[in-house]
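Analysis of the macromolecular model
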Amino acid sequence: SSKNNSLLCVGLDTELEKIPKFLLQEKDPIFAFNQAIIDSTLDLVCAYKPNLAFYEAYGIKGLEALKITCEYIPKDIPIILDAKRGDIGNTSKMYAKAIFEEFKADGVTLSPYLGEDSLSPFLEYEDKCGFILCLTSNAGAKDFQLLNFEGKPLYKIVAEKVLSWNKKGNCGLVVGATYPEQLKEIREIAPDLPILIPGVGAQKGDVELTVKYGTDKNGELAIINSSRGILYASSEKDFAQASREEAKKLRELFNLYRKKG
Ligand code: OMP
């Protein structure tokens with residue numbers, strides 16, 4: 001966040017049905033949209049987070065758009081590729097290769113439930129960050145993540161495990177902005193881990209509590225994502241400017257609630 005003094009991560013979850021109609025005439029409408037969004041927000045963000053689903057959904061063309069989007073993002077702005085990966089080691093190795101070598105992402109989202117050996121192929125990339133799902137923003141988080149095991153909720157067990165997996169210092173957590181009280185507990189368990197926090201904006205997570213509870217003691221290490229709330233601020237000619245205004249508002253709001261380090 002140091003360069004742009006920002007905790008804001010813009011999620012590049014691009015849907016052809018939602019982008020301005022006039023862009024559909026472009027040769028690569030997905031990239032044209034992303035390019036405009038990146039151009040208009042790059043001085044306001046700490047990271048971009050494309051979610052792979054939105055690109056896979058459009059087949060080869062979508063993946064090509066993702067690849068050139070990743071190439072287009074300036075090198076000093078980290079890319080977190082949201083893919084929620086995790087499989088047996090041999091398979092994870094190939095997932096990691098795709099994400100870090102093909103798309104050249106700086107970070108990835110990972111699911112913890114296959115255990116340490118499923119994530120080590122990602123964490124072996126020392127310069128890359130693995131953001132491990134701890135407590136997701138959706139209502140279904142209650143089905144497993146909020147359950148108690150021997151008196152302790154699963155999300156706390158995950159947070160503690162990730163601390164023990166963090167041998168190379170390249171682990172982070174994912175915690176939804178829709179669970180601020182739990183975010184506070186998780187930050188206490190992991191005072192020094194970066195936390196990716198989606199769920200402000202379209203999912204209506206509380207901004208003030210997210211910043212207060214999600215940041216570390218210096219007001220850092222929270223990467224707060226909004227996708228739809230920024231991307232689709234307007235569907236008119238001025239869409240990129242409208243996205244910039246939204247991003248600017250959020251960044252300023254985050255900074256208002258931030259502890260000064
Ligand atoms: P908006 O709701 O449009 O801001 O998008 C949220 C983004 O964050 C989507 O790409 C989700 O897949 C992702 N996300 C969550 O919404 N909740 C989570 O708990 C975790 C993620 C994520 O891993 O980023």
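Please refer to the structure placed before this passage.
Residues numbered from 1 in each chain as written. Predicted model: local features only at pLDDT ≥ 70, side-chain atom pairs only at ≥ 80, totals over all residues. Heavy atoms only, no water.

1. Description of the site of the ligand
Under the convention used in this document: Proximity criterion: a residue is near a molecule or strand once any of its heavy atoms comes within 4 Å of it. What qualifies as a polar contact is a pair of N or O atoms within 3.5 Å, subject to a donor-acceptor requirement within protein and to the restriction that residues adjacent in sequence count only when both atoms come from side chains. The protein chains shown are the only cover counted for residues, whose accessible areas, like all others here, come from Shrake-Rupley with a 1.4 Å probe. Each helix corresponds to a stretch of at least 4 residues labelled H or I by DSSP, and each strand to a stretch of at least 2 residues labelled E; elements are numbered beginning at the N terminus.
Around the ligand, the surrounding shell holds 18 residues, and the nearest of these are Asp-13, Ser-137, Gln-203, Ser-227 and Arg-228. The side chain of Arg-228 places a nitrogen or oxygen atom 2.6 Å from an oxygen atom of the ligand. Coverage of the ligand by the protein chains reaches 90% of its 510 Å² of free accessible surface. Of all elements in the fold, only strand S3 (80-85) and strand S10 (222-226) reach the threshold of two or more residues within the shell around the ligand.

2. Re the sheet that holds strand S2 (residues 47-50)
Just so we agree on the cut-off: The pairing criterion is simple: DSSP has to find at least two bridges between the two strands. In this description, a line fitted to the C-alpha atoms serves as the axis of each element, helices being fitted only across the stretch in contact, and the angle between N-to-C directions of two axes falls anywhere from 0 to 180 degrees.
Strands sit in the order S2-S1-S10-S9-S8-S5-S4-S3 across an open sheet of eight strands; the sheet is parallel. Each having just a single partner strand, S2 and S3 make up the two edges of the open sheet. Sheet twist, expressed as the mean angle between neighbouring strand axes with direction ignored, is 30°. Alignment of strand S8 (residues 171-175) against strand S9 (residues 195-198), held across two bridges, turns out to be parallel. If you follow Leu-173 over to S9, its bridge partner there is Ile-195.

3. Focus on the packing of aromatic side chains
The line we're drawing: The aromatic pairing rule takes the rings of Phe, Tyr and Trp, using the six-membered ring of Trp, and pairs them if the centres are within 6.5 Å, calling planes under 30 degrees apart stacked, those over 60 edge-to-face and the rest tilted. Classification of residues uses two cut-offs on accessible area relative to the type maximum, computed with a 1.4 Å probe and protein chains only: under 20% is buried, over 50% is exposed, and between them is partly exposed. Counted as over-ring charges are cases with an Arg CZ or a Lys NZ within 6 Å of the ring centre that also lie within 35 degrees of the ring normal.
Applying the stated rule across the entire model yields six aromatic pairs. Taking 6.4 Å as the distance between ring centres and 85° as the angle between the ring planes, the aromatic pair formed by Phe-100 and Phe-122 counts as edge-to-face. Of this pair, Phe-100 sits in helix H4 (residues 89-102) while Phe-122 sits in helix H5 (residues 116-123), placing them 22 residues apart in sequence. A residue is classified by how much of its surface remains accessible, and Phe-100, at 4% relative accessible area, is buried. Given the relative accessible area of 1%, Phe-122 is considered buried. The ring of Phe-22 is capped by Lys-237, whose NZ or CZ atom sits 3.7 Å from the centre of that ring.

4. Quick look at the nonpolar core
Defined as follows: The set of buried Ala, Val, Leu, Ile, Met, Phe, Trp, Tyr and Cys residues whose side-chain atoms join them within 4.5 Å is what this entry labels a nonpolar core. Every residue pair with non-hydrogen atoms within 4.5 Å of one another is taken to be in contact.
Among the nonpolar cores identified, the biggest contains 70 residues, and Val-10, Leu-12, Leu-173, Ile-186 and Phe-254 are the most heavily contacted of them. Apart from residues lying up to four places away in sequence, Ile-186 is in contact with Cys-134, Leu-135, Tyr-155, Ala-159, Leu-173, Val-175 and Ile-195.

5. Some thoughts on the pairing of strand S4 (residues 107-110)
Short version of the rule: For crossovers, right-handed means that the path from the first strand over the helix to the second runs clockwise, given strands pointing away from the viewer.
Of the two faces of S4, the one carrying Gly-107 and Thr-109 and the one carrying Val-108 and Leu-110 are both buried. Bridge analysis of S3 against S4 gives three bridges, and the strand direction is parallel. Paired with Ile-80 across the two strands is Gly-107, which belongs to S4. Each parallel crossover has a hand, and the one from S3 via H4 to S4 is right-handed. By the bridge criterion, four bridges tie S4 to strand S5 (residues 129-135) in an arrangement that is parallel. When the bridges of S5 are listed, Leu-110 appears paired with Ile-132. Note on the crossover from S4 through H5 to S5: the handedness is right-handed.

6. Concerning the pattern of salt bridges
Heads up, the condition is: By salt bridge we mean one thing: a side-chain nitrogen of Lys or Arg within 4 Å of a carboxyl oxygen of Asp or Glu.
Evaluated as defined, the whole model comprises 15 salt bridges. The partner of Arg-244 in a salt bridge is Asp-43, and the shortest N-O contact between them spans 2.8 Å. Here the residue Arg-244 occupies a position in helix H10 (residues 239-257), and Asp-43 occupies one in the loop between helix H1 (29-41) and S2, the gap between them amounting to 201 residues. Take Arg-244: its relative accessible area is 19%, and that puts it in the buried class. The salt bridge partner of Asp-82 is Lys-84, with a shortest N-O separation of 2.9 Å. For Asp-82, a relative accessible area of 4% translates into the label buried. One network of salt bridges, with partners in common, ties together Lys-49, Asp-82 and Lys-84.

7. Re the packing of helix H7 (residues 180-189) against helix H8 (residues 207-214)
To keep things clear, this is the line we draw: In what follows, roughly perpendicular refers to angles from 65 to 115 degrees, roughly parallel to angles under 35, roughly antiparallel to angles over 145, and oblique to any angle outside these ranges. Polarity classes work like this: nonpolar for Ala, Val, Leu, Ile, Met, Phe, Trp, Tyr, Cys and Pro, charged for Asp, Glu, Lys and Arg, and polar for all others, with Gly in that last group.
At a minimum axis distance of 8 Å, the contact between H7 and H8 shows a crossing angle of 10°. One element, H7, and the other, H8, form an angle in the roughly parallel class. Only Leu-209, Thr-210, Tyr-213 and Gly-214 of H8 make contact with H7, whose side of the interface consists of Pro-180, Glu-181, Leu-183, Lys-184 and Arg-187. Residues of the contact of H7 with H8, tallied by class, amount to four nonpolar, two polar and three charged.

8. Considering unusual backbone geometry
Located in the positive-phi region is Asn-5, a residue other than glycine, with phi close to 45°. Within the secondary structure, Asn-5 is located in the segment before strand S1 (8-12).

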